[in-house]
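# Observations on the three-dimensional arrangement
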Amino acid sequence: MASQDIIARSATTTVPSSVRNQEEVAKLIDTTKCIGCKACQVACSEWNELRDDVGHNLGTYDNPQDLSADTWTLMRFTEHETDAGNLEWLIRKDGCMHCAEPGCLAACPSPGAIIKHANGIVDFDQDHCIGCGYCITGCPFNIPRISQKDHKAYKCTLCSDRVEVGLEPACVKTCPTGAIVFGSKEDMKEHAAERIVDLKSRGFDHAGLYDPDGVGGTHVMYVLHHADTPTLYAGLPGSPTISPLVELWKGVSKPLGLLAMGLAVLAGFFHYVRVGPQLVEEDELPPLKDPAVHEVDPSVHTFDPRGEDRP
Amino acid sequence: MIRRQILRYTANQRTNHWLVAILFFMAALSGLALFHPALFWLSHLFGGGPWTRILHPFMGVVMFVLFLGLVIQFFRANFFISNDRLWLRRVGRVIRNEEEGVPPIGKYNPGQKLLFWTLLLCMLVLLFSGLVIWRAYFSAYFGITSIRWAMLLHALAGFVLVLSIIVHIYAGLWIKGSVSAMVHGWVSRAWAKKHHELWFREVTRDENPDHPIRKKG
């Protein structure tokens, strides 16, 4: 059965099959409850059958060091010293944010390689992926990775296969502290609001929800103790948007470019029709004299040193 | 017996030109496949999306190298001369097939010269931006902002290049005798005098029937 809940499809200029309505879902990650146990990383790896290469310890708790085609979620650890001189250990579970306006989808040139479901999940369809990496260029969060094995792009699917059958994502199921919760986006916002009230009552005046408007909101949201400075959390963008360079590259300029090319061809055709070809009349030039025949102007007398009386 | 025609392009120059042309068509069609969804079907010409993605950069690099051959042979004849300014001012008459008041010009008219330098610029931009966005080998060495700029510039330069080549092809079809000049090399004396009089004068000045004219550049 074809998917009937696709509300956006990469490199597609008609409306995709989207009759099926679904409630928008969201995953809420409460950084204030996270203990950095990495159970979510393991659950992700287990459910999705991913086994990344064993890397090296580079002196931080981040393990592996970065997202990859085989690591779709990753705890990023930041040691933050507050103004009062206290140490805060800020731990953020990084991964695809499932933007309402996904930069990856806007940039993708291959029809159907990136789709957005009615429930908000942004999914990569590797069958249609050509491996160009434009999604990486488009993403404001630096999430997609190209596999060196098959040259396809991979990222967190928000366990779309599990959500489709009514299960929560694997990371949510496994989280031992309840720092990751999953449900309708509305419910998650409500839950976050309660958490924020609690945090503020405990002195975190800038506690807040991270659901950035610049990308139309996201279907993975964070509760942050310092929502005023998201960059503290291992460089979480303060106000993420699709880069203006990408907008220009993928926006109105390309249809206009196509139009210009088409008009150029038409202009040539009608120039030919109206003005016609530029022909050369071969008799425009007097016939070349044969230099083997030496003609002498009778009014010119030349001195011939060899004394031969040549015509 | 004197050859009554003038050799405009040697066999090597013609071969070089048409190799660039073939590579241009391959690179342009595969590039346009990724340029806009409406043209993605062109990727089927190259064996599908992944093959298009794999082949396109190689086509581009080969095209650039071959194009350098043309640059080396033709750049000297593409420096602007004093008559070119007047010619450009009267380009409207040229377009209307009117000869009156159009000054004589060298081996290339200023339009061709502008095309030459535009193509060179586009090729350079395409090469360098193309390397930056070549995921398989080079993108890892560049930051995301550089890659975004390179994407934009690559598309822009590709667009200008395709547009320039449309003009180039049409000019060849419009000016009768140009295509055959690039196919078999020879132009008639009348053609040379009419379209490139200064060049005609130059190549016929020391006309010697023993060997045909082979002016480079």
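Below is a short write-up of the structure.

About the cut-offs
- Residues numbered from 1 in each chain as written.
- Chains lettered and ligands numbered in written order.
- Predicted model: local features only at pLDDT ≥ 70, side-chain atom pairs only at ≥ 80, totals over all residues.
- Contact = placed C-beta atoms within 7 Å.
- Helix = DSSP H or I, 4+ residues; strand = E, 2+ residues; numbered from the N terminus.
- Nonpolar A, V, L, I, M, F, W, Y, C, P; charged D, E, K, R; others polar.
- Expected span 1.5 Å × (residues − 1).
- Bend = angle between axes of the 7 residues up to and from the residue.
- Buried ≥ 20, exposed ≤ 12 C-beta atoms within 10 Å, placed from the backbone.
- Pairing = 2+ DSSP bridges.
- Axes fitted to C-alpha atoms, helices over the stretch in contact; angles between N-to-C directions.

## Some details on the interface of chain A and chain B
In this complex, chain A contributes 41 residues to the contact, which on the side of chain B involves 40 residues. When contributions to the side of chain A that touches chain B are tallied by element, the ones reaching two or more residues are α7 (244–250) and α8 (253–274) of chain A. For the side of chain A that touches chain B, the element with the highest residue contribution is α8 of chain A, accounting for eleven residues. Classifying every residue of the side of chain A that touches chain B by side-chain character gives 24 nonpolar, 13 polar and four charged.

## With respect to helix α2 (residues 49–74) of chain B
All names here are of chain B. Over its 26 residues, α2 extends 36 Å from the first C-alpha to the last, a length consistent with the 38 Å expected when each residue adds 1.5 Å. When the local axis directions of α2 are compared, the greatest deviation, roughly 30°, occurs at L55, which is followed within four positions by the proline P57. Here α2 has its buried residues at G49, T52, R53, H56, P57, M59, G60, M63, F67 and F74. Those residues of α2 hidden inside the fold are in contact with α1 (11–35) and α5 (110–132).

## Digging into the environment of T31 of chain A
All names here are of chain A. Looking at where T31 falls in the secondary structure, it is placed in the loop between β2 (25–30) and α1 (39–47). T31 sits 59 residues away from L90 along the chain, and the two C-alpha atoms are 7.2 Å apart. The residues contacting T31, other than those within four sequence positions of it, are L90, I91, R92, Y222, V223, L224, H225 and Y233.

## Considerations on the environment of C156 of chain A
All names here are of chain A. Within the secondary structure, C156 is located in the loop between β8 (153–154) and α4 (160–164). With 29 C-beta atoms packed within 10 Å, C156 lands in the buried category. Along the backbone, C156 and G55 are 101 residues apart, and their C-alpha atoms lie at a distance of 20 Å. Excluding residues within four positions of it along the chain, C156 makes contact with W72, T73, G95 and C96.

## Topic: the sheet that holds strand β6 (residues 122–124) of chain A
Residues and elements named next belong to chain A. Strands sit in the order β1-β5-β6 across an open sheet of three strands; the sheet is antiparallel. One side of each edge strand has no neighbouring strand; the edge strands of this open sheet are β1 (6–9) and β6. The average angle at which neighbouring strand axes cross in this sheet is 30°, direction not considered. Summarising the sheet, strand β5 (residues 114–117) and β6 pair through three bridges and their orientation is antiparallel. Paired with I115 across the strands is D123, a residue of β6.

## Examining the sheet that holds β2 of chain A
Residues and elements named next belong to chain A. Taking strand neighbours across the sheet as the criterion, the four strands line up as β9-β2-β11-β10 in an open arrangement whose pairing is mixed. Looking at the sheet topology across the chains shown, the edges are occupied by β9 (180–184) and β10 (208–210). Across the sheet, the mean angle from the axis of one strand to that of its neighbour is 25°, orientation sign disregarded. Pairing of β2 with β9 involves five bridges; the strand directions are antiparallel. Paired with A26 across the strands is G183, a residue of β9. Seen against the sheet, helix α6 (residues 185–201) touches β2, β9, β10 and β11 (220–224) and runs at an angle of roughly 135° to β9.

## Quick notes on unusual backbone geometry
Note: most residues except glycine have negative phi, and most peptide bonds are trans. Along the chain, N63 of chain A connects to P64 of chain A via a cis peptide bond; the corresponding omega equals -5°. With a phi angle near 45°, C159 of chain A is a residue other than glycine that sits in the positive phi range. Within the fold, C159 of chain A resides in the loop between β8 and α4. Judged by local crowding, C159 of chain A falls into the buried class, with 23 C-beta atoms found within 10 Å. Even without being a glycine, N97 of chain B presents a positive backbone phi close to 65°. Note that N97 of chain B resides in the loop between α4 (91–95) and α5. According to the C-beta neighbour criterion, N97 of chain B is partly exposed, with 14 such atoms within 10 Å.

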